[in-house]
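Structural description and commentary
As a plain string of letters, each chain reads:
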Amino acid sequence: MKKAPRNRTITLSKSEISKYKNLIIRSEDLKSFAPVNSLILGDVYHSHKFIPDNSVDLLFLDPPYNLYKKFHNVSFIKRKDEDYSQWFESWLTLLLPKLKETSTVYVCCDWQTSVSIYRVLSKYLIILNRITWEREKGRGAKNNFKNSHEDIWFAVKSRKYYFNSSAVKLKRKVIAPYRINGSPKDWEAGSDGNFRLTHAGNLWTDISIPFWSMPENTIHPTQKPEKLLAKLILASTKENDLVLDPFAGSGTSAVTAKKLNRRFYAIEISEEYLLLAMKRLEMAEIDKNIQGFEDGVFWERNTLSFRKKKN
Ligand SMILES: C[S@@+](CC[C@H](N)C(=O)[O-])C[C@H]1O[C@@H](n2cnc3c(N)ncnc32)[C@H](O)[C@@H]1O
């Protein structure tokens, strides 16, 4: 089927599929640690063995949520809360030895799954915050409110964790520009408007989910935005640090880590998604742009396009 002209969804041609298939690193073939910056095809229960202990600075967890979801050839079935907690714990405990003392763990979930995750996470890690990400796309319901946010738990292994709040400031339009003695108070006047740099809070309303006209979009049903990963990675890692994502899907964390000069390991069970991740990584060799993050600053949604139109 022909794509609409503005549809930038990443797809794979037959020749790309065979090219990337030849390059796949399969966990069943690994004998020792996987090379750094690898995408590993396999199950987290087996693949984690090929990641060295005490090596990871940031563990990003975006597992299937506790609801029915079909991921290409694997379907996730909704379980009882206790069963989901047990499942989460069964692989989390395999990953914890990979973490450095200074490391951070972020876990994505919806409101229902959040409860099960909190219980397990707080047994092993220090929980510092819960980020609420407003994601406005969701199915409307006749008998309930539409789900329009997700949680991201922010946890650390010890109090020695790394956090760089100045790397993730948000550039906001100033609605009521306050002046003292004629000079702007905590904002900057520019030819394209008045803006203020503010510290990132735990309510994120500036990030949209990838959609068909965005160059990062794929057919993965629950792909996370690069802008979201960029915030987490910049807040909690330095250049060259190591990011581990054991449920990598279309590879957003690996791609964003690469764009920001971090190292990574990513594990994914579905070959189809892994191939897409491989293509995205190759694209990131040339294009290091992260939509919504420019000049080292996270722009409030729609202000960047407004600014570009004016130029
Ligand atoms: C919520 S999605 C992750 C999406 C990803 N963050 C992205 O941006 O594309 C969860 C992924 O985990 C994968 N998965 C499910 N069970 C797995 C397992 N046991 N080991 C490794 N990956 C698994 C699914 O195929 C799915 O792609």
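A quick note: this is a predicted structure, and the numbers were derived from the prediction, not measured. (Residues numbered from 1 in each chain as written. Predicted model: local features only at pLDDT ≥ 70, side-chain atom pairs only at ≥ 80, totals over all residues. Heavy atoms only, no water.)

Regarding the sheet that holds strand β14 (residues 203-204)
- Taking strand neighbours across the sheet as the criterion, the nine strands line up as β1-β2-β16-β15-β3-β6-β8-β7-β14 in an open arrangement whose pairing is mixed. In this open sheet, the two strands that pair with only one neighbour each are β1 (25-26) and β14.
- In terms of strand pairing, strand β3 (residues 56-61) meets strand β6 (residues 99-109) through five bridges, oriented parallel. By the bridge assignment for β6, Val56 is matched with Leu99.
- Sitting on the sheet, helix α7 (residues 271-286) touches β1, β2 (38-41) and β16 (263-268), and the angle it makes with β2 is about 170°. (Pairing = 2+ DSSP bridges. Helix = DSSP H or I, 4+ residues; strand = E, 2+ residues; numbered from the N terminus. Contact = heavy atoms within 4.5 Å. Axes fitted to C-alpha atoms, helices over the stretch in contact; angles between N-to-C directions.)

So, the nonpolar core
- Among the nonpolar cores identified, the biggest contains 44 residues, and Leu39, Tyr106 and Leu228 are the most heavily contacted of them.
- Ranked by residues supplied to this core, first place goes to helix α5 (residues 226-236) with seven residues.
- Among the nonpolar cores identified, the runner-up in size contains 32 residues, and Ala34, Leu61, Trp91 and Ala155 belong to it. (Core = buried A, V, L, I, M, F, W, Y, C linked by side-chain atoms within 4.5 Å. Buried < 20%, exposed > 50% of the residue type's maximum accessible area, 1.4 Å probe, protein only.)

Description of unusual backbone geometry
- Although it is not a glycine, Asn37 sits at a positive phi angle of roughly 65°.
- In the Ramachandran plot, Asn54 falls in the positive-phi region, its phi being about 55° despite a non-glycine side chain.
- Positionally, Asn54 belongs in the loop between α2 (44-47) and β3.

Here we look at the sheet that holds strand β17 (residues 293-294)
- Spatially, β12-β13-β9-β18-β17 is the arrangement adopted by the five strands of the open sheet, whose pairing is mixed. What marks the edges here is a single partner per strand, and that holds for β12 (188-190) and β17.
- Across three bridges, β12 lies against strand β13 (residues 193-198) in antiparallel orientation. Across the sheet, Ala189 pairs through a bridge with Asn194, a residue of β13.

Points about the site of the ligand
- Neighbouring the ligand are 20 residues, the closest being Asp62, His220, Ser250, Thr252 and Glu268.
- Contact distances for the ligand include 2.7 Å between a nitrogen atom and a side-chain N or O atom of Asp62.
- Thr252 has a polar side-chain atom sitting 2.6 Å from an oxygen atom of the ligand.
- Here the ligand loses 96% of its free accessible area of 600 Å² to cover by the protein chains. (Near = heavy atom within 4 Å. Polar contact = N/O pair within 3.5 Å; in protein donor to acceptor, adjacent residues only side chain to side chain. Areas by Shrake-Rupley, 256 points an atom, 1.4 Å probe, with all protein chains shown as cover.)

Purely geometric numbers; function is a separate question.
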